[in-house]
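# Residue-level structure breakdown
Here are the chains, one letter per residue:
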Amino acid sequence: MSLSISFGLPEQQRSAAATLYWQAFGDKLQPILGPAPRACAHFERVMQLDHCFAAQRGTALVGIIGFQSGKGNFAGGSAQQFRASFGKARALWSLPVLQWIGGPPPAKGALMIDGFSVAPAERGKGIGSALLAKLREHAKLSGFDTLQLDVTGNNPRARAFYERGGFYVQSVRTIGPLSMVMGFGHVLRMRCDLPRDQGSIGPNLG
């Protein structure tokens, strides 16, 4: 069955997208967010469906790449939404932890990747590269000159994938004592510079 990649995500695929997101990031987020059902329900509620590209084989969602813009992000949600999902008590400590691990906001003129996952059975088939190419094209057409993303230090395969796609390590930040809980000690901020067409007037943040 052929693969299709489209901008945005149909409303009926919220649950599948949340599950796919958790498959990629659950091992890192579980110490902060707790069991999968509650976390997946949160992501399902807060996902902005116009902040991603989706790969589908037939009607099955097999890959997704989200991004941040001036109007929001794919999977992060707001502090108010986080408190509604996990409670005020948990938010008191978990929100600062997530913000610390998440690091600084994207640089001026940069589009930040916010969630990137391919279904386990579909990996190694070029879907990740195809999604990244679509986002690169979207960023360039929207006037951005850089793509940025974060990779944990214990994920050399992801780092190698991005380096093959033209990314390089821009900075490294340590997470200190949190490493004992999170299972990794540092986070790499990676960057890919995009050629800009003459006459570009800057990013369209819509």
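Look up a bit, the structure's there.
A brief report on the enclosed structure follows. Treat the numbers as computed from the prediction; the structure is a model and nothing was measured.

On to the sheet that holds strand β6 (residues 168–174). Strands sit in the order β1-β2-β3-β4-β5-β7-β6 across an open sheet of 7 strands; the sheet is mixed. The open sheet is flanked by β1 (3–7) and β6, the only strands paired with a single partner. Direction aside, the axes of adjacent strands within the sheet are offset by 25 degrees on average.

Turning our eyes to something else, we now look at the packing of helix α3 (residues 79–86) against helix α4 (residues 88–102). Two elements in contact, α3 and α4, have axes whose closest approach is 8 Å; the angle formed by their N-to-C orientations is 130 degrees. Looking at the two axes, α3 sits oblique to α4. Crossing geometry of α3 relative to α4 is assigned as right-handed. Listed contacts from α4 to A79, F82, R83 and F86 of α3 are K88, R90, A91, S94, L95 and L98. Taken together, the residues of the contact of α3 with α4 sort by class into 6 nonpolar, 1 polar and 3 charged.

It is worth spelling out helix α5 (residues 127–141) at this point. Along its 15 residues, α5 runs 21 Å from first to last C-alpha, staying within 8% of the 21 Å computed at 1.5 Å per residue. Looking at the packing, one finds that the buried side of α5 touches β1, β2 (52–57), β3 (60–67), β4 (110–118), β5 (146–152) and α6 (156–164). Positive phi appears at G143, one or two residues downstream of α5, with a value of about 95 degrees.

Cut-offs applied
- Residues numbered from 1 in each chain as written.
- Predicted model: local features only at pLDDT ≥ 70, side-chain atom pairs only at ≥ 80, totals over all residues.
- Heavy atoms only, no water.
- Pairing = 2+ DSSP bridges.
- Helix = DSSP H or I, 4+ residues; strand = E, 2+ residues; numbered from the N terminus.
- Axes fitted to C-alpha atoms, helices over the stretch in contact; angles between N-to-C directions.
- Parallel < 35°, antiparallel > 145°, perpendicular 65-115°, else oblique.
- Left-handed = near helix turned anticlockwise from the far one by under 90°.
- Contact = heavy atoms within 4.5 Å.
- Nonpolar A, V, L, I, M, F, W, Y, C, P; charged D, E, K, R; others polar.
- Expected span 1.5 Å × (residues − 1).

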